[in-house]
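Results of the structural survey
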Amino acid sequence: MENYIKIQPEVISGLGEKTTFKEFEPPFKTILNLHIDLEDWLGDDLMECYPAFIITEKLKEGLENSVFSGFKFSEMEVSKAEYFEDNYQLEKPVPIFFWLQVIGQEFADDILLNDKNELYLKPKLLKYLQGKFNVNYLQVEPQRNEFDDLLDNMLLES
């Protein structure tokens with residue numbers, strides 16, 4: 001995608017049991033209601049839990065007050081997994097999270113998804129995120145590896 005940069009946000013695991021999908025059989029791609037069973041959080045304001053993207057309230061407010069386009073927000077349910085307290089290492093409270101729904105169109109918006117649900121940003125949006133928010137685990141132009149292929153195959157089989 002010309003004039004866009006591919007990114008891979010911090011990956012968190014744990015789609016919760018209350019997540020519902022439009023599809024009745026795999027592959028499940030269209031989420032209707034999002035529930036995350038949080039196992040850990042490393043502190044980034046932008047995260048991914050395939051096939052959803054999650055943001056903190058701080059980033060939501062930043063995007064709402066910006067000129068950027070291609071997204072909307074929805075509320076979501078967050079619960080803490082059984083071992084969350086053992087895993088969580090930060091010295092700050094867990095923020096309120098929101099579901100970032102990416103609806104952007106190429107050439108018109110600042111954020112969009114390709115047909116593989118990979119996230120792309122215009123450079124000015126990436127610079128904004130890197131300058132004002134915690135995105136320490138964000139990978140810019142990530143390269144695919146054998147692990148990615150294994151995950152894709154597992155998702156297709158589930």
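Above this text sits the structure in question.
Residues numbered from 1 in each chain as written. Predicted model: local features only at pLDDT ≥ 70, side-chain atom pairs only at ≥ 80, totals over all residues. Heavy atoms only, no water.

**Side note on the pattern of salt bridges**
Throughout the structure, instances matching the rule amount to five salt bridges. Two residues, E64 and K60, come together in a salt bridge whose shortest N-O distance is 2.7 Å. In this pair, E64 and K60 are both assigned in helix α1 (residues 57–64), four residues apart and thus about one turn of the helix distant. (Salt bridge = Lys/Arg side-chain N within 4 Å of Asp/Glu carboxyl O. Helix = DSSP H or I, 4+ residues; strand = E, 2+ residues; numbered from the N terminus.)

**Remarks on the sheet that holds strand β1 (residues 5–8)**
Sheet strands pair by backbone hydrogen bonding; their relative direction is either parallel or antiparallel. Read across the open sheet, the four strands follow the order β11-β12-β1-β13; overall the sheet is antiparallel. Two strands bound the open sheet, and with one partner strand each, they are β11 (111–113) and β13 (139–140). (Pairing = 2+ DSSP bridges.)

**Here's the deal with the packing of aromatic side chains**
Aromatic rings in a pair are described by how distant their centres are and how their planes are angled relative to each other. Under the defined criterion, the tally for this structure stands at six aromatic pairs. Centroid distance W41 to F97: 5.7 Å. Interplanar angle 80°. Geometry classified as edge-to-face. Within this pair, whereas W41 is found in the loop between β5 (35–38) and β6 (46–49), its partner F97 is found in strand β10 (residues 97–102), the two being separated by 56 residues in sequence. We note that W41, like F97, is buried. An angle of 50° between the planes, with centres 5.4 Å apart, marks the rings of F71 and F73 as tilted. Taken together, the ring pairs connect W41, F84, Y88 and F97 into an aromatic cluster. The ring of F98 has K60 sitting right over it, with the charged end atom 4.8 Å from the ring centre. (Phe/Tyr/Trp six-rings, centres within 6.5 Å; stacked < 30°, edge-to-face > 60°. Buried < 20%, exposed > 50% of the residue type's maximum accessible area, 1.4 Å probe, protein only. Lys NZ or Arg CZ within 6 Å of the ring centre and 35° of its normal.)

**Topic: the side chain of T56**
Turning to its location among the elements, T56 is positioned in strand β7 (residues 52–56). A residue is classified by how much of its surface remains accessible, and T56, at 2% relative accessible area, is buried. Apart from the residues within four sequence positions on either side, T56 is in contact with W41, D44, D45, M47, P95, I96 and F97. (Contact = heavy atoms within 4.5 Å.)

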